[in-house]
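Spelled out, the chains give:
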Amino acid sequence: MSRTRPVVALLHPGAMGAAVGQQATSKARVLWLPEGRSAATAARADDAGLQPVADLATLVRDTDVVISLCPPQFADRIAAAVLAAGFDQGVFLDANALIPQRMAAIGELFAGTTVRVIDGSIIGPPPTGPGTTRLYLAGPTEGTTAVTDLFTGSGLEAVPISGEVGAASALKTAQAVFQKASRALAGLAHALADHYGVGDILTEEGRRYHRPILAEPDFLPTVAARAWRWSPEMTEAAEALHAADLPDAMIRGAVEVLDAWAAYRDTPPGDTGTLFTRLRQAAGQEPGSAARCEPASPVEPSDEALRALDQSARRSGKGQGA
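Calculation rules
- Residues numbered from 1 in each chain as written.
- Predicted model: local features only at pLDDT ≥ 70, side-chain atom pairs only at ≥ 80, totals over all residues.
- Heavy atoms only, no water.
- Helix = DSSP H or I, 4+ residues; strand = E, 2+ residues; numbered from the N terminus.
- Contact = heavy atoms within 4.5 Å.
- pLDDT = per-residue confidence, 0-100.
- Salt bridge = Lys/Arg side-chain N within 4 Å of Asp/Glu carboxyl O.
- Buried < 20%, exposed > 50% of the residue type's maximum accessible area, 1.4 Å probe, protein only.
- Polar contact = N/O pair within 3.5 Å; in protein donor to acceptor, adjacent residues only side chain to side chain.

(A) Representation of the overall build of the chain in the model. Tallying secondary structure elements over the chain gives 12 helices and eight strands in all. For the chain, contacts bridging at least 24 residues in sequence account for 64% of all contacts bridging at least 6.

(B) Looking closely at the confidence of the model for the chain. For the chain, per-residue confidence averages 90 on the pLDDT scale, and 87% of positions sit at 70 or higher. Confidence drops under a pLDDT of 50 for residues 287-302, and excluding neighbours within four residues, the segment shows 26 contacts in the predicted structure.

(C) Examining the pattern of salt bridges more closely. With the rule as written, the count across this model stands at seven salt bridges. Of the charged contacts in the structure, one is a salt bridge between Arg 252 and Glu 239, with a shortest N-O distance of 2.9 Å. With Arg 252 in helix α10 (residues 249-261) and Glu 239 in helix α9 (residues 220-243), the pair connects residues that are 13 residues apart, well separated along the chain. We classify Arg 252 as partly exposed; its relative accessible area is 33%. Between Asp 248 and Arg 252 there is a salt bridge, with its nearest N and O atoms 3.5 Å apart. Here the salt bridges do not stand alone but share partners, grouping Glu 239, Asp 248 and Arg 252 into one network.

(D) Focus on helix α1 (residues 15-24). In terms of residue burial, α1 counts as a mostly covered element, since seven of its 10 residues are buried. Next to the buried residues of α1 lie β1 (7-11), β2 (29-32), α2 (39-48), β6 (114-123), α6 (141-151) and β8 (156-162).

(E) Quick peek at the side chain of Asp 94. The topology assignment puts Asp 94 in strand β5 (residues 89-94). Of the polar contacts made by the side chain of Asp 94, one reaches the side chain of Asn 96; its length is 3.0 Å.

(F) Region of the structure containing unusual backbone geometry. Residue Leu 11 is joined to His 12 through a cis peptide bond whose omega torsion reads 5°. Mapped onto the fold, His 12 is located in the loop between β1 and α1. With a phi angle near 60°, Asp 62 is a residue other than glycine that sits in the positive phi range. Assignment of secondary structure puts Asp 62 in the loop between α3 (56-60) and β4 (65-68). On the accessibility criterion, Asp 62 (57% relative accessible area) is exposed. Even without being glycine, Asp 245 reaches a positive phi, approximately 60°.

Next comes the structure, spelled out in structure tokens:
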């Protein structure tokens, strides 16, 4: 970084963003853009010790690190606006919940500049103290080191995991597949139990569960060996959900996974890699092929904040002869 005390630009200080920005204030001067933001956002930024600036061009001028923390559907627009405002050197950290393909597309926006694009993923709540929240980083070492230095000794643990942009996004996506989907499944389970008046008993049964399922990948071969029996049970469960006027698509998806493993009937495969290959084959993909999902379509901004960001970027571009 170019100064003893680096300059960080934060877009935008929501609940997570403000907390992350605050963790960097002991090492850096952290700036933010009030234009188009609410009074609640301004109060969060002030409480976090962030310093306001007049426009986007000022925000990114001579900035060492730009941190993008926003609703993920707007990440592409914010990256493009930052580039249009004149940010062409330094570190751009996208710490949004994106799939790897979208993160790669954001990296491509900065091709032809000296910007070091860093892929970041935050797992945990808004950081308030050590041991709760991790910021995983992927990208060129010079960039990940710059970000790590910002948060050393703070309540946010910055962890470089790969030199490849997209790795941190993949980690976040994989973690969300379990964490978010498991909460949705819990909602379905309780809705079905409530339909039949056994919700309290289901809650008590749930209190007996203590195994950290996501921390036990070595148990998956055992699941595969039981898949031929579990698949019909899940098919019945999907029918029960449908009969109770509840969504059944998630359970139908579980049936698809179990059916892919049904050939292992009572004989666990030797490794998890074989299981993952089976799932790709069931989805119609060869191992190593590109993912079928397309990057999410840009969502038009629905609030004054994003319109202000676009306008600020356009003004900045005109001022630079763009």
